[in-house]
Amino acid sequence: MHAFSYHKPSTLGDALSLVAKQSEGKILAGGQSLVQAMKLRLASPTDLIDLSGIKDLAGIKVEGSSVTIGAMTRHADVENNADVKKMIPALARLAGGIGDRQVRHMGTIGGSVANSDPAACYPAAVLGLGATIVTNKRKIAADDFFKGLFETALETGELITAVTFPTVKRAGYIKFKNPASRFALVGVFVAETSGGVRVAVTGAASCVFRATAIEKALTAKFDPDAVPADTIKADTLNADLHGSAEYRAHLITVMAKRAVTQAVGK
Amino acid sequence: MSIKVSMTVNGKPVSAQVEERTLLVTLIREELRLTGTHVGCDTAQCGACTVHMNGKAVKSCSMVAMQAEGANIVTIEGIAAADGTLHPMQAAFKENHGLQCGFCTPGMVMNAIDLAKGNPNLTETEIREGLEGNLCRCTGYHNIVKSIAAGAKAMAK
Ligand SMILES: Cc1cc2nc3c(=O)[nH]c(=O)nc-3n(C[C@H](O)[C@H](O)[C@H](O)COP(=O)(O)OP(=O)(O)OC[C@H]3O[C@@H](n4cnc5c(N)ncnc54)[C@H](O)[C@@H]3O)c2cc1C
Ligand code: FES
Ligand code: FES
């Protein structure tokens, strides 16, 4: 790991001025992705700005029919939160399936969403539920947020403060786990929302995306058997030593069926 | 560059002047000389480096020491009684042949203690899922699962 300077601001204002000053610096949330990337020298920030001292950034709030989760809320706290379990059970289950318990004690929703790892779980829930990413500057709709491989709509110096999830009629998330890393080889999040059916796919391409053909079929009938086969062309998908693009295309159909089965509680 | 880091380790306040890039596990092993915490993979996969931070199991190879500033850290050296009596979870591993070479054991025991807290009747599925982040290359896990089930019951006594 290359040398860096460490900062631990206690207010969002201090964090933002540090971020503005240190152009080659990086935000540190749980460190579960960043510290490993730094050890491999895939990232070599000059400064780390640790957000864990900012109390307002962690916590879960219910407002009307939406749930707002602070950026520094750990995966384990989402997994075990009574409101999330009651209002969006699929989200609590998704958080409880990330990595392992040690990772869930440290990793945060803000870090996961900002990272936009192609195989990460939270992006599927954010896009599948049509959540809103709240930053220090603005609110970004999930549909406009994930831009590509480790790429998001966040600008330089912009920081996620929270993610707001609407409650939905029903939802489900199933991933086919990479047996070594527990990341999603393919994960599918389905939700019946007030604005229609949404289906988000992670693990299969450079970043999470919506499977519109499956959405259309599920709008007609929200049932596992309604999921059409092979609607996603393999040539748009990832291929690696864990699975070919054709295999991933097939998995999307299978995971989507299982996610609907979970959502309808069969 | 260096920075002062302070925390409580196994009940004792400690502080050290370290480079910012020092990992928590490096501080524990090389500065504090508590070598019971192991490094198996150094890539967040194996869990041999598991310690408790404020009561929760975390992988000490996957965080810089400064992330534990002010925290209460417990390592495998800190769980037996002062007179050397093994912690019930350690005793359960011994009784149930939950270890062979012992390399993974400190991480297994630390994760198991956290998992078993308030859960005396862990099911096999709960234990196996709870061990997602810990790898063992010797035992085949069966006796580890047995040990944790017994340890969890013993902890509640
Ligand atoms: C063994 C292992 C297994 C895992 N398995 C899974 C899995 O199954 N599914 C899954 O989804 N994830 C998995 N992860 C990843 C895990 O969820 C990470 O915790 C997460 O991706 C990053 O969160 P973090 O809080 O650790 O962020 P960090 O690693 O601290 O930061 C990640 C990136 O986000 C930036 N960042 C952090 N917070 C903010 C913010 N508020 N605003 C703007 N930028 C920010 C950082 O600068 C950095 O670039 C796994 C990780 C490990 C080590
Ligand atoms: S050494 Fe930390 S997880 Fe393997
Ligand atoms: S006992 Fe040898 S690695 Fe687990």
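Scroll up for the structure.
Residues numbered from 1 in each chain as written. Chains lettered and ligands numbered in written order. Predicted model: local features only at pLDDT ≥ 70, side-chain atom pairs only at ≥ 80, totals over all residues. Heavy atoms only, no water.

Residues A:Leu91, A:Val113, A:Tyr122, A:Val126, A:Leu129, A:Phe165 and A:Phe189 are the most contacted members of the largest nonpolar core, which totals 41 residues. Elements with a minimum of two residues in this core: strand 5 (66-70), helix 4 (82-87), helix 5 (89-96), helix 7 (109-115), helix 8 (122-128), strand 10 (160-166), strand 11 (170-177) and strand 12 (184-193) of chain A. Among residues more than four places away in sequence, those in contact with A:Tyr122 are A:His75, A:Val78, A:Leu91, A:Leu94, A:Ala95, A:Ile98, A:Ile109, A:Ser112 and A:Val113. Residues A:Phe4, B:Ala16, B:Ile28 and B:Cys61 belong to the second largest nonpolar core, which totals 36 residues. (Core = buried A, V, L, I, M, F, W, Y, C linked by side-chain atoms within 4.5 Å. Buried < 20%, exposed > 50% of the residue type's maximum accessible area, 1.4 Å probe, protein only. Helix = DSSP H or I, 4+ residues; strand = E, 2+ residues; numbered from the N terminus. Contact = heavy atoms within 4.5 Å.)

Bringing the interface of chain A and chain B into the picture now. Contact with chain A, which involves 28 residues of that partner, is made by 30 residues of chain B. At the boundary of chain A with chain B, total buried surface from both sides reaches about 2,300 Å², with 53% on carbon and sulfur atoms. Taken as a group, A:Tyr6, A:Arg101 and A:Gln102 account for 27% of the area that chain A buries against chain B, more than any other trio of residues on that side. Here chain A and chain B share 5 salt bridges between them. In this structure, the salt-bridge partner of A:Arg101 is B:Asp114, at a minimum N-O distance of 3.3 Å. The tally of links from chain A across to chain B stands at 14 residue pairs in polar contact (both at pLDDT 80 or more). Listed by contribution, the elements that provide at least two residues to the side of chain A that touches chain B are strand 1 (5-7), helix 2 (34-39) and helix 6 (101-106) of chain A. With 5 residues, helix 6 of chain A is the largest single contributor of residues to the side of chain A that touches chain B. When the residues that make up the side of chain A that touches chain B are grouped by side-chain class, the tally is 10 nonpolar, 10 polar and 8 charged. (Buried area = accessible area lost by both parts, 1.4 Å probe. Salt bridge = Lys/Arg side-chain N within 4 Å of Asp/Glu carboxyl O. Polar contact = N/O pair within 3.5 Å; in protein donor to acceptor, adjacent residues only side chain to side chain. Nonpolar A, V, L, I, M, F, W, Y, C, P; charged D, E, K, R; others polar.)

Along the chain, B:Thr37 falls in the loop between helix 1 (24-31) and strand 3 (50-53). Residues contacting B:Thr37, with those up to four places away along its chain left out, are B:Val25, B:Ile28, B:Arg29, B:Ala48, B:Cys49, B:Val51, B:Ser60, B:Thr75, B:Ile76 and B:Glu77.

On to the pairing of strand 12 of chain A, then. All names here are of chain A. For strand 12, the buried fraction is high: 10 of the 10 residues fall into the buried class. Taken together, the 8 bridges between strand 11 and strand 12 define a ladder with antiparallel strand orientation. Following the sheet pairing, Gly172 is matched in strand 12 by Val190. Turn length for the strand 11-strand 12 hairpin, with the two strands adjacent in sequence and antiparallel, is 6 residues, and the turn residue Arg182 shows positive phi of about 70 degrees. Note: strand 12 against strand 13 (residues 196-202), 7 bridges, orientation antiparallel. Bridged to Glu192 within strand 13 is Val197. Between the antiparallel neighbours strand 12 and strand 13 lie 2 residues. (Pairing = 2+ DSSP bridges.)

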